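# Chains, contacts and geometry: an overview
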Amino acid sequence: MDLKFNNSRKYISITVPSTTQTMSPHIKSIDDIMVLGINLSRFNKLTQFLICVAGVFIFYLIYGYLQELIFSVEGFKSYGWYLTLVQFGFYSIFGLIELQLIKDKRRRIPGKTYMIIAFLTVGTMGLSNTSLGYLNYPTQVIFKCCKLIPVMLGGIFIQGKRYNIVDVSAAVCMSLGLIWFTLADSTIAPNFNLTGVILISLALCADAVIGNVQEKAMKLHNASNSEMVLYSYSIGFVYILLGLTCTSGLRPAVTFCSKNPVRTYSYAFLFSLTGYFGISFVLALIKMFGALLAVTGMYGLAY
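Residues numbered from 1 in each chain as written. Predicted model: local features only at pLDDT ≥ 70, side-chain atom pairs only at ≥ 80, totals over all residues. Heavy atoms only, no water.

All right, on to the overall build of the chain then. When its secondary structure is counted, the chain shows eleven helices and four strands. Buried residues in the chain amount to 44% of all 303 residues. In the chain, 85% of the contacts between residues at least 6 apart in sequence involve partners at least 24 apart. Entry remark: accessible area of the chain is about 16,100 Å², with carbon and sulfur atoms responsible for 67%. (Helix = DSSP H or I, 4+ residues; strand = E, 2+ residues; numbered from the N terminus. Buried < 20%, exposed > 50% of the residue type's maximum accessible area, 1.4 Å probe, protein only. Contact = heavy atoms within 4.5 Å. Areas by Shrake-Rupley, 256 points an atom, 1.4 Å probe, with all protein chains shown as cover.)

Structure representation (structure tokens):
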């Protein structure tokens, strides 16, 4: 705060510093990007991008394998929402632990924004997990490969971004190319179950919105990845818990998993751990490069 005295008119002029000037002294720079305790700011942009994409690829590869492994447990397919509840619980714990390890623990993003992000996160992960009970692998991949298009539309309507014809054409061609590449060597025909198609479509719509909302919120308030994970997933945990309780879906799921806790909960823990590592790199990509480029890099390297 600067104080300026004027003897002739005898008044005090008070200048209030901007938001960026009043940031916590624990934060070294607004450009610092921390992922799992690693400061990526010391690397150039290309290296940052490659590190994040490699992290996403490695952890989500294991994540996808464990997801399929969990649903291979006989009788588990109808408990996709309970798996999401357990996953959100682990994410909240991991986020709290990581947040305690960093020096700045303030919540920067408003609570209302986190409530919206949590709702969208519940939608994309819960619907995606539930759709696994209705769709086979090739069908899931077809829809996931189209994620670029709804993310681009979300950027236009949510952030007011403008894409030229080259960007749009590239997104469409890449989506079609990924679908063709995936199915070219597939011996299993896609299974377009109507319920599964609706679930995965809604999940992609929510996923397209959440990436753009997260990008806008993190850049506006300079929030850390651990803060984003902790608050969005802990609020989402409450949403799902209330939903399962109201629909009487909690007790059957708990009873089923208690009969075989080693396979169900141990798989769920590893599934959540690798997912948490993966989402940390995803959030770093979104914060540094934007939602569209993050999705492009993830799917481009993964396939």
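Having seen the structure, we can now continue with the description.
Applying the stated rule across the entire model yields 17 aromatic pairs. Aromatic side chains Phe 76 and Phe 256 sit 6.1 Å apart centroid to centroid with 45° between the ring planes, which places their arrangement in the tilted category. You can see Phe 76 sitting in the loop between helix 1 (45–71) and helix 2 (80–101) and its partner Phe 256 sitting in helix 9 (residues 250–259), a full 180 residues away along the chain. As far as the burial class goes, Phe 76 and Phe 256 line up, both buried. Each member of the aromatic cluster is reached from another via a ring pair, and the members are Phe 59, Phe 88, Phe 90, Tyr 91, Phe 94, Tyr 233, Phe 269, Tyr 276, Phe 277 and Phe 281. In this arrangement the basic side chain of Arg 107 is found over the ring face of Tyr 231, its NZ or CZ atom lying 5.9 Å from the centre. (Phe/Tyr/Trp six-rings, centres within 6.5 Å; stacked < 30°, edge-to-face > 60°. Lys NZ or Arg CZ within 6 Å of the ring centre and 35° of its normal.)

Below, the discussion takes up unusual backbone geometry. Despite not being glycine, Ser 248 has its phi angle at roughly 60°, a positive value. Residue placement: Ser 248 occurs in the loop between helix 8 (225–246) and helix 9.

Membership of the largest hydrophobic core comes to 53 residues, with the highest contact counts inside it found for Phe 76 and Tyr 82. Counting residues per element, the ones that place at least two in this core are helix 1, helix 2, helix 3 (111–131), helix 7 (194–221), helix 8, helix 9 and helix 10 (261–289). The element best represented in this core is helix 10, accounting for eleven residues. Setting aside residues no more than four positions away along its own chain, Tyr 82 makes contact with Leu 244, Leu 250, Ala 253, Val 254, Cys 257 and Tyr 265. The next biggest cluster of nonpolar side chains, apart from the first, holds five residues, and it includes Leu 135, Phe 143, Val 197 and Ile 200. (Core = buried A, V, L, I, M, F, W, Y, C linked by side-chain atoms within 4.5 Å.)

Here we come to helix 10. Taking 1.5 Å of rise per residue, the 29 residues of helix 10 would be expected to cover 42 Å, and the 40 Å separating its terminal C-alpha atoms lies within 8% of that figure. Gly 290 lies just past helix 10 and shows a positive phi near 95°. (Expected span 1.5 Å × (residues − 1).)

It is worth spelling out the environment of Asn 225 at this point. Here Asn 225 shows up in helix 8. Each C-alpha atom of the pair Asn 225 and Leu 99 lies 9.0 Å from the other, and the pair is 126 residues apart in sequence. Not counting the four nearest positions on each side in its chain, Asn 225 is found in contact with Met 34, Val 35, Met 218, Ser 280, Leu 283 and Ala 284.

Now for the packing of helix 3 against helix 8. Relative orientation of the contacting elements helix 3 and helix 8 amounts to 70°, with a least axis distance of 8 Å. The angle between helix 3 and helix 8 falls in the class roughly perpendicular. In this structure, helix 3 crosses over helix 8, and the sense of that crossing is right-handed. On helix 8, the residues that touch Tyr 114, Met 115, Ile 117, Ala 118, Phe 119, Thr 121, Val 122 and Met 125 of helix 3 are Glu 227, Met 228, Tyr 231, Ser 232, Tyr 233, Ile 235, Gly 236, Tyr 239 and Ile 240. Each residue belonging to the contact of helix 3 with helix 8 can be placed in one class, and the counts come to 13 nonpolar, three polar and one charged. (Axes fitted to C-alpha atoms, helices over the stretch in contact; angles between N-to-C directions. Parallel < 35°, antiparallel > 145°, perpendicular 65-115°, else oblique. Left-handed = near helix turned anticlockwise from the far one by under 90°. Nonpolar A, V, L, I, M, F, W, Y, C, P; charged D, E, K, R; others polar.)

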